[in-house]
Amino acid sequence: SWPAAVRIVEVGPRDGLQNEPFPLPVAARVELIRRLVGAGLKSVEAGAFVSPKRVPQMDGSAAVLARVLADPPPPTGATAGAVAGVVAGAVDYPVLVPNLQGFEAALAAGAQTVAVFAAASETFSRRNINCSIAESLVRFRAVAGAARAAGVKLRGYVSCVAGCPYEGAVAPRAVAGVAAALRALGCDEISLGDTIGTGNPDSIRRMLEAVLREVPAERLAGHYHDTYGMAVANVYASLELGLTVFDAAVGGLGGCPYAPGAAGNVATEELVWLFGGLGIATGVDLEALVDTAVWISTRLGRAPASRVARAVLAR
Ligand code: HMG
Ligand code: MG
């Protein structure tokens with residue numbers, strides 16, 4: 001039987017915008033986050049404390065986070081969250097940090113949750129964060145210690161859980177090894193990233209079966225990019241294996257600057273539609289979310305990519 005509720009982690013303001021050809025100004029990023037919270041999202045990834053030379057789109061993340069925290073969006077009618085603990089509670093604004101330097105900057109901006117990001121593929125690790133997987137875990141252990149000392153929650157990502165843009169197929173046991181290492185260093189939640197969207201329900205299931213031998217389902221999140229249109233199916237396969245946290249980006253924004261050709265994350269509105277149909281609470285208002293998809297897509301000069309957004313607009 002399905003869970004009563006799931007939690008959607010909205011990654012549009014980070015994963016979505018990091019891949020746009022031009023950086024969006026801080027004020028527009030703050031506005032996007034406020035609209036997402038207004039639609040009922042309770043976890044909204046607000047930015048990344050990475051090198052602005054590498055990812056200029058995320059420059060200004062300190063200002064984005066500080067502004068959102070200083071003037072929090074009002075609580076919404078999305079207290080459907082009250083129905084189930086997972087979607088209740090205060091809004092959380094995780095940010096990416098690749099090292100201690102990023103952690104210190106995030107802490108100074110007021111971060112209450114930070115996310116370290118590892119990969120299951122050596123080549124991707126090198127290209128993305130300029131170090132090996134093992135070196136990255138050493139850095140993350142330092143971040144984990146500092147986060148624990150500061151009372152900051154820690155999330156961890158594993159990229160390339162189904163395939164790598166440079167190495168091709170990635171073995172489930174490689175994913176499980178990195179997920180176990182992130183759990184061991186203190187990550188409360190580990191998000192499994194199909195960075196290039198080459199996974200399908202079968203390969204995702206095999207990957208999850210390996211990971212679940214190391215980390216329980218309640219500590220895992222699915223983070224699926226929709227390059228080949230399989231992301232919703234992959235979410236469904238993960239739900240069947242007991243996952244209840246899923247990352248998504250409004251309007252299907254997203255991609256990774258170090259994963260050429262990768263498309264956006266699964267659209268948040270697609271997940272809200274899917275879970276709504278299954279009778280699983282998300283606490284998110286579909287109409288308000290689609291309005292936000294239209295708003296950000298218009299701001300970026302296009303129409304919302306998702307079919308759910310188009311269908312809702314047409315009705
Ligand atoms: P590096 O070049 O190895 O770093 O970068 P370094 O330690 O030698 O420092 C070089 C320069 O970077 C120095 O500045 C540092 O101050 C600066 P300079 O002296 O040249 O002026 N620096 C920083 N600046 C700001 N914030 C920092 C920071 N650290 C060093 N935290 C580093 C290593 C990881 C920083 C770099 O490679 C980087 O920023 N990479 C960007 C990675 C990234 O943001 N990728 C996209 C997100 S991951 C993703 O999208 C996947 C995910 O969605 C899941 C999935 O889909 O699979 C999460
Ligand atoms: Mg991603």
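Calculation rules
As a convention, each chain's residues are numbered from 1 in the sequence order in which they are written. Key to labels: chains lettered from A, ligands numbered from 1, both in the order written. At least 70 in pLDDT is required for a residue's local features to be given in this predicted model, at least 80 for side-chain atom pairs to be given and counted, and no such filter applies to totals for whole chains, interfaces and linings, which use all residues. UniProt positions are given in the numbering used here, feature names are shortened, and annotations may be inferred rather than shown by experiment. Counting from the N terminus, the helices are DSSP H or I runs at least four residues long and the strands are E runs at least two residues long. Computation of the radius of gyration draws on C-alpha atoms alone. For the globule rule, the value is 2.2 Å times the number of residues to the power 0.38. Here exposure depends only on C-beta density: within 10 Å of a residue's C-beta, 20 or more other C-beta atoms make it buried, 12 or fewer make it exposed, and intermediate numbers make it partly exposed, the C-beta atoms being placed from the backbone. By definition, residue pairs are in contact when their C-beta atoms, positioned from the backbone, come within 7 Å. Should the C-beta atom of a residue, placed from the backbone, lie within 6 Å of a molecule or strand, that residue is near it. Note on geometry: axes are C-alpha line fits, over the in-contact stretch for helices, and angles between N-to-C directions span 0 to 180 degrees. Note: crossing handedness is left-handed where the near helix turns anticlockwise from the far helix by less than a right angle, and right-handed where it turns clockwise. Nonpolar residues are Ala, Val, Leu, Ile, Met, Phe, Trp, Tyr, Cys and Pro. Charged residues are Asp, Glu, Lys and Arg, and all others, Gly as well, are polar. The pairing criterion is simple: DSSP has to find at least two bridges between the two strands. This arc describes the spread of directions from the helix axis toward the C-beta atoms. Small angles under 35 degrees read as roughly parallel and large ones over 145 as roughly antiparallel, with 65 to 115 read as roughly perpendicular and the rest as oblique. Whether a crossover is right-handed comes down to one check: with the strands pointing away from the viewer, does the path from the first strand over the helix to the second run clockwise; if it does, it is right-handed. Take the buried Ala, Val, Leu, Ile, Met, Phe, Trp, Tyr and Cys residues, join any whose C-beta atoms are within 7 Å, and the set you get is a nonpolar core. Known as pLDDT, the predictor's confidence for each residue is given on a scale from 0 to 100.

With an unreviewed UniProt entry as reference, the protein is termed hydroxymethylglutaryl-CoA lyase, source organism Thauera chlorobenzoica. For the protein, the Pathway (unreviewed entry) comment in UniProt is given as "Metabolic intermediate metabolism; (S)-3-hydroxy-3-methylglutaryl-CoA degradation; acetoacetate from (S)-3-hydroxy-3-methylglutaryl-CoA: step 1/1." Under Sequence similarities (unreviewed entry), UniProt gives the following word-for-word description of the protein: "Belongs to the HMG-CoA lyase family."

Caption draft 1: Up close: the overall build of the protein. A tally of regular secondary structure across the protein gives twelve helices and eleven strands. A globule of 315 residues ought to have a C-alpha radius of gyration of about 20 Å, and the protein, at 18 Å, matches this closely. Over its C-alpha atoms, taken along the principal directions, the protein stretches across nearly 50 × 40 × 35 Å. Among the 315 residues that make up the protein, the fraction classed as buried is 55%. Relative to all contacts within the protein whose residues are 6 or more apart in sequence, the contacts with residues 24 or more apart total 76%.

Caption draft 2: Quick look at the site of ligand 1. Close to ligand 1 lie 26 residues; V50, S51, G102, S159 and G193 are nearest. When residues of the shell around ligand 1 are traced back to their parent elements, those giving at least two are α4 (100-108), α5 (122-129) and β6 (153-159).

Caption draft 3: Structural detail: the environment of I133. With respect to the secondary-structure elements, I133 resides in helix α6 (residues 133-150). Each C-alpha atom, one on I133 and one on V178, is 8.2 Å from the other, the two residues being 45 residues apart in sequence.

Caption draft 4: Geometry of the packing of helix α8 (residues 201-212) against helix α9 (residues 231-240). Look at α8 against α9: their axes get within 9 Å of each other, and the N-to-C directions meet at 40°. Judged by the sense of rotation from one axis to the other, the crossing of α8 with α9 is right-handed. On α9, the residues touching P201, I204, R205 and L208 of α8 are A233, N234, A237 and S238. Class assignment of the residues belonging to the contact of α8 with α9 gives a composition of five nonpolar, two polar and one charged.

Caption draft 5: Region of the structure containing the sheet that holds strand β1 (residues 7-10). Read across the sheet, nine strands follow the order β2-β1-β11-β10-β9-β6-β5-β4-β3 without closing on themselves; strand pairing throughout is parallel. This sheet does not close on itself; its edge strands, each paired only once, are β2 (43-44) and β3 (47-48). Bridge count between β1 and β2: two bridges; the pairing is parallel. Looking across to β2, one finds that V9 is bridged to S43. The strands that α5 touches are β5 (113-119) and β6; relative to β5, the one it contacts most, it runs at about 130°. Strand contacts of α6: β5 and β6, with the helix running at about 170° to β5, the strand carrying the most contacts.

Caption draft 6: Looking closely at helix α3 (residues 61-70). Considered for burial, the residues of α3 that qualify are S61, V64, L65 and V68. Down the axis of α3, the sector holding all buried residues measures 90°, keeping them to one side. Where α3 is buried, its residues touch α2 (26-38), β3 and β4 (95-96).

Caption draft 7: How the structure looks around the packing of α2 against α3. Here α2 crosses α3 at 45°, and the two axes come no closer than 9 Å. The angle between the axes of α2 and α3 places the two elements in the oblique class. Judged by the sense of rotation from one axis to the other, the crossing of α2 with α3 is right-handed. Side by side, α2 and α3 meet where V26, R29, V30 and I33 of the first sit next to A63, V64, R67 and V68 of the second.

Caption draft 8: Seen up close, the pairing of strand β9 (residues 189-194). Counting buried positions along β9 yields six of six residues, so the element is predominantly enclosed. Burial of β9 is two-sided: the residues E189, S191 and G193 facing one way and the residues I190, L192 and D194 facing the other way are all buried. Inspection of the sheet shows β6 paired to β9 by four bridges, in the parallel sense. Residue pairing in the sheet places V158 in a bridge with L192 of β9. Alignment of β9 against strand β10 (residues 220-224), held across five bridges, turns out to be parallel. When the bridges of β10 are listed, S191 appears paired with A221. Taken together, β9, α8 and β10 constitute a β-α-β crossover, and its handedness is right-handed.

Caption draft 9: Structural view of the nonpolar core. Formed by 99 residues in total, the largest nonpolar core has its most connected members in V95, V97, A118, V158, V175 and V178. Ranked by residue count, the leading element in this core is helix α7 (residues 172-184), at seven residues. Setting aside its immediate chain neighbours within four residues, V95 contacts E45, A46, G47, A48, F49, S61, L65, A106, A111, V114 and A115.

Caption draft 10: Region of interest: the environment of A134. Within the secondary structure layout, A134 lies in helix α6. C-alpha separation for the pair A134 and A181, spaced 47 residues apart in sequence, amounts to 9.7 Å.

Caption draft 11: Seen up close, the confidence of the model for the protein. Summary statistics for the protein give a mean pLDDT of 94 and a share of 94% for residues scoring 70 or more. Contacts for the low-pLDDT stretch residues 78-87, under 50 throughout, to residues beyond four places or in other chains number 27 contacts. Note on the complex model: pTM 0.95, ipTM 0.98.

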